[in-house]
Each structure stands twice: as structure tokens, then as C-alpha cells.
Amino acid sequence: MSNPTPYNAAVFPAGQDTTQASVAAPKSYISRYVERKRNELFAALGRRCVFCGVETNLTFDCVKPTGGRHHRLSSAARIGFYWKQARAGNLQVLCHDCNSRKGAKPMPAFVPSATVKAKA
Ligand SMILES: [Zn+2]
């Protein structure tokens, strides 16, 4: 925010500068892209949890577990990964609670896949 004096430049080295000005420009383009792709994906899959039906705190979940590696991707790479899973029919929308409960286990057999289509 303020111009760094020699003193605070030493305390806050350039690499650790997290002020808006230093990150806003490159980030906003990518985050807008990710936001748009997320919205398109929610529009395609339905904006509600397939387990409990809530419409808040929604996450994408691979029906057949694919391991946690994509959780460490950048947001842009991750949304690409989810799109690929969705095209392969392997993506569903879960709320955060259901997703944590499901964990990395495969979808239980009793969950009716018809729930996904019910709203549409
Ligand atoms: Zn849920």
C-alpha cells in the first residue's frame, strides 16, 4: 500500500508482497475464467447437492474416485480437470458436508442417480 522504505523492504521482502497491486492484474483474468467455467459446470450438472439437495457450499465430486491429485492443481487446471470428468460422466455436485462424509469412497449404491435429473 505505502511505498516501501529501505526499512520495511527488508522486513517484507518483495517475494512476500501480497498487496492487491502486485497480484490483481494477472489473477483477475484467470479467476474470471475459472468463475465462468465453474458456473457453466454448475448449470450443466445442477446447482444442488445430489445427496441432500441443499444449494449452498457446493463442490464438484468425482463419482468414481480419481485420487486427490487434482486438489493440488491450480484453480484453472482444476476446473479443466472437472470438465473432463463431467464429459466422461464422472462428475456430480455435492455440498461440502456430503462431500466430506463421502470422502474418497465410491458412490454408495443406494444413492439414486435419478436425483440428479429430478430438478431438471
Ligand atoms: Zn449434501
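So, here's what we can say about the structure.

Cut-off values and rules
Residue positions are given per chain, counting from 1 as you read along its sequence in written order. Given that this is a predicted model, residues contribute local features only at a pLDDT of at least 70 and side-chain atom pairs are listed and counted only at 80 or more, while totals for whole chains, interfaces and linings are drawn from all residues. For the purposes of this entry, the term helix denotes a DSSP run of H or I that reaches at least four residues, the term strand denotes a run of E that reaches at least two, and both are numbered from the N terminus. By definition, residues are in contact whenever their C-beta atoms, placed on the basis of the backbone, come within 7 Å of each other. For this analysis, nonpolar core means a set of buried Ala, Val, Leu, Ile, Met, Phe, Trp, Tyr and Cys residues linked through C-beta atoms within 7 Å. A residue is called partly exposed when the number of other C-beta atoms within 10 Å of its own lies between 12 and 20, exposed at 12 or fewer, and buried at 20 or more, with C-beta atoms placed from the backbone. Strands are treated as partners if at least two bridges between them are detected by DSSP.

Right, let's talk about the environment of Phe60 for a bit. Positionally, Phe60 belongs in strand S1 (residues 58-62). Sequence separation of Phe60 and Cys95 is 35 residues, and the distance between their C-alpha atoms is 8.4 Å. When sequence neighbours within four positions are dropped, the list of residues in contact with Phe60 reads Leu41, Tyr82, Leu91 and Val93.

What follows is about the nonpolar core. Core analysis: the largest hydrophobic core is formed by 12 residues, namely Cys49, Val50, Phe51, Leu58, Phe60, Ile79, Tyr82, Leu91, Val93, Leu94, Cys95 and Cys98. Taken together, the elements giving at least two residues each to this core come down to S1, helix H3 (75-87) and strand S2 (91-95). Per-element accounting of this core gives the leading share, 4 residues, to S2. Setting aside its immediate chain neighbours within four residues, Leu94 contacts Cys49, Val50, Phe51, Thr59, Asp61, Asn99 and Lys102.

A few words on the environment of Asp97. Looking at the secondary structure, you find Asp97 in helix H4 (residues 96-102). Looking at Asp97, the number of C-beta atoms within 10 Å reads 14, which means it is partly exposed. Linking Asp97 and Thr59, residues 38 residues apart in sequence, is a C-alpha distance of 9.5 Å.

Counting buried residues along S2, 5 of its 5 residues qualify, which places the element largely inside the surrounding structure. In the sheet, S1 pairs with S2 via 5 bridges, with the strands oriented antiparallel. Counterpart to Cys62 in the pairing with S2 is Leu91.

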